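# Working through the structure, step by step
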Amino acid sequence: DGGITQSPKYLFRKEGQNVTLSCEQNLNHDAMYWYRQDPGQGLRLIYYSQIVNDFQKGDIAEGYSVSREKKESFPLTVTSAQKNPTAFYLCASRDRHQPQHFGDGTRLSIL
Amino acid sequence: AQRVTQPEKLLSVFKGAPVELKCNYSYSGSPELFWYVQYSRQRLQLLLRHISRESIKGFTADLNKGETSFHLKKPFAQEEDSAMYYCALISGNTGKLIFGQGTTLQVKP
């Protein structure tokens, strides 16, 4: 199928630890997005990037960081400053004027 | 403020019954609206976009600007329709999606 690959599928974080979630796409899309999915709250935007070497904060960026050094990659780091990191994280990408395509997601839990 | 509201957390119907999942939005300008679906253990996928005006898996959705609604409808629900459904709109030209809270559709046999 290809498209958007998120890894790992499950991730556990210890207190005070930073963890990085991977998102890779082979669709040649310029724009990429990170969302957080919590029960009853839908999806909320964390960060997005419309082009390489540029990214913008979304609605809930505190405690997260991203980079966009390559077009196909948009990793998300959940820092120790994020006090409630347990959630399902979804990465998406989009070609201009087209709908977003989503990855399978990463479930992050606290040990 | 831009917002998408799905008033029902859970909608439970019997197989063969009509289904309507409600979605209301708040947006200044011309909205571009979508329905996404997430089946159990599968990735979130696009079901419908309003500009396509098409029917996918028997589902349709009409944009009603007067009522600021984009309700998803299907005349006869099937068990395989059981899933989480999200209504979303695109914000500006960045492609950011604003999602509703989601509605779980449960189709009973």
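Up top is the structure these notes are about.
Residues numbered from 1 in each chain as written. Chains lettered and ligands numbered in written order. Predicted model: local features only at pLDDT ≥ 70, side-chain atom pairs only at ≥ 80, totals over all residues. Heavy atoms only, no water.

Here we take up the interface of chain B and chain A. A common way to report how large an interface is uses the accessible area buried once the components associate. With 18 residues of chain B in contact, the opposing surface of chain A contributes 23 residues. Summed over both sides, the interface between chain B and chain A buries roughly 1,700 Å², with carbon and sulfur atoms accounting for 49% of that surface. A per-residue breakdown of the area chain B buries against chain A is headed by Arg 43, Thr 94 and Lys 96 of chain B, which together make up 33% of the total. Between Arg 43 of chain B and Asp 104 of chain A there is a salt bridge, and its shortest N-O distance comes to 2.9 Å. Linking chain B with chain A are ten residue pairs in polar contact (both at pLDDT 80 or more), by the criterion used here. For the side of chain B that touches chain A, the secondary structure elements donating two or more residues are β5 (33–38), β6 (45–49), β9 (83–91) and β10 (96–99) of chain B. Classifying every residue of the side of chain B that touches chain A gives eight nonpolar, six polar and four charged. (Contact = heavy atoms within 4.5 Å. Buried area = accessible area lost by both parts, 1.4 Å probe. Salt bridge = Lys/Arg side-chain N within 4 Å of Asp/Glu carboxyl O. Polar contact = N/O pair within 3.5 Å; in protein donor to acceptor, adjacent residues only side chain to side chain. Helix = DSSP H or I, 4+ residues; strand = E, 2+ residues; numbered from the N terminus. Nonpolar A, V, L, I, M, F, W, Y, C, P; charged D, E, K, R; others polar.)

Residues and elements named next belong to chain A. Position of Val 52 relative to the elements: it lies in the loop between β5 (42–51) and β6 (54–57). Under the relative-accessibility criterion, Val 52 is labelled partly exposed at 29%. With 13 residues separating them in the primary sequence, Val 52 and Pro 39 have C-alpha atoms 32 Å apart. Each residue touching Val 52, except ones within four places of it in the same chain, is listed here: Arg 68, Glu 69, Lys 70 and Lys 71. (Buried < 20%, exposed > 50% of the residue type's maximum accessible area, 1.4 Å probe, protein only.)

All right, on to the pattern of salt bridges then. Residues and elements named next belong to chain A. For the structure on display, the rule yields eight salt bridges over all chains. Residue Asp 30 is joined to Lys 71 by a salt bridge in which the shortest nitrogen-to-oxygen separation is 3.4 Å. Placement of the pair is Asp 30 in the loop between β3 (19–25) and β4 (31–38) and Lys 71 in the loop between β7 (64–66) and β8 (76–78), with a sequence separation of 41 residues. Given a relative accessible area of 25%, Lys 71 falls into the partly exposed group.

Another point: the environment of Thr 5 of chain A. Residue and element names in this part refer to chain A. Inspection of the secondary structure puts Thr 5 in strand β1 (residues 4–7). Classification of Thr 5 by relative accessible area gives partly exposed; the value is 45%. A C-alpha to C-alpha distance of 18 Å links Thr 5 and Leu 43, two positions 38 residues apart in sequence.

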